[in-house]
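The lines below spell out each chain.
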Amino acid sequence: TQAKAKRSLESQLVELENKFAEANENAMHSGRASMAKLESRIRELEVELGNVQAHTGENAKGYQKSERRCKELAFQIDEDKKNQDRMAELATKLQQKIKTYKKQIEEAEEIAALNLAKFRKAQQELEETEERAKLAEAKLSVHY
């Protein structure tokens, strides 16, 4: 019976060794498959990382371009504001000149009106004087 027990144990040992070898083989196969999946995933992630980095670079360039454009527009707005201020100042000066010229025109018209009135008065006085002279001449010629 001892021999029978020994054979039974040896048989169990062989069976366990076979199961162990099979389990080890399965573990190796599973490990290789898992390793291949992980390596594949790593490659996918590396590609994705490259795409994200390229996209990030493009975004950074776009941001810099937008910043530059904003600065250009701010400068242009500032220049436009300065020009607008200069134009407003010039318009104010021109309006002041127009007022001055209008005032000078009004004064000149007043002077012209006064001179015209003096001229008409002088002309009327001259005509009256000529008329009196003719009358006086006529009287003189009648008496002599």
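As the structure is a prediction and not an experimental result, all values here were calculated from the model. (Residues numbered from 1 in each chain as written. Predicted model: local features only at pLDDT ≥ 70, side-chain atom pairs only at ≥ 80, totals over all residues. Heavy atoms only, no water.)

1. Considerations on the overall build of the protein chain
Counting its regular elements, the protein chain contains 1 helix and 0 strands. For 144 residues, the compact-globule estimate of 2.2 N^0.38 gives 15 Å, and the C-alpha radius of gyration of the protein chain, at 60 Å, exceeds that figure by more than 25%. Expressed along its principal axes, the backbone C-alpha trace of the protein chain runs to roughly 205 × 20 × 20 Å. The 144 residues of the protein chain split such that 0% are buried. Accessible surface, the protein chain as shown: approximately 13,900 Å² in total, 58% of it carbon and sulfur. Placing the 27 positive and 27 negative side-chain charges of the protein chain at their respective mean positions leaves the two points 3 Å apart. (Helix = DSSP H or I, 4+ residues; strand = E, 2+ residues; numbered from the N terminus. Rg over C-alpha atoms; globule rule 2.2 N^0.38 Å. Buried < 20%, exposed > 50% of the residue type's maximum accessible area, 1.4 Å probe, protein only. Areas by Shrake-Rupley, 256 points an atom, 1.4 Å probe, with all protein chains shown as cover. Lys, Arg positive; Asp, Glu negative; His and termini not counted. Charge placed at Lys NZ, Arg CZ, Asp CG, Glu CD.)

2. With respect to a negative patch on the surface
Where like charges cluster on the molecular surface, the negative patch consists of Glu 125, Glu 127, Glu 128, Glu 130 and Glu 131. Within the secondary structure layout, Glu 125 lies in helix H1 (residues 2-143). Look at Glu 125 and you get partly exposed, because its relative accessible area is 40%. (Patch = residues over 30% accessible without salt bridge, like charges linked within 9 Å, V, L, I, M, F, W, Y side chains within 5 Å. Salt bridge = Lys/Arg side-chain N within 4 Å of Asp/Glu carboxyl O.)

3. A short note on the pattern of salt bridges
Per the counting criterion, the structure on display carries 7 salt bridges. With its nearest N and O atoms 3.6 Å apart, the salt bridge here joins Arg 69 to Glu 72. Placement of the pair is Arg 69 and Glu 72 together in helix H1, with a separation of 3 residues, close to one helical turn. Among the residues examined, Arg 69 registers a relative accessible area of 44% and is labelled partly exposed. Judged by its relative accessible area of 41%, Glu 72 is partly exposed. A salt bridge links Lys 81 to Asp 85; the shortest N-O distance between them is 3.1 Å. In this pair, Lys 81 and Asp 85 are both assigned in helix H1, 4 residues apart and thus about one turn of the helix distant. Residue Asp 85 is classed as partly exposed on the basis of its relative accessible area, which comes to 40%.

Keep in mind these values describe shape, not function.
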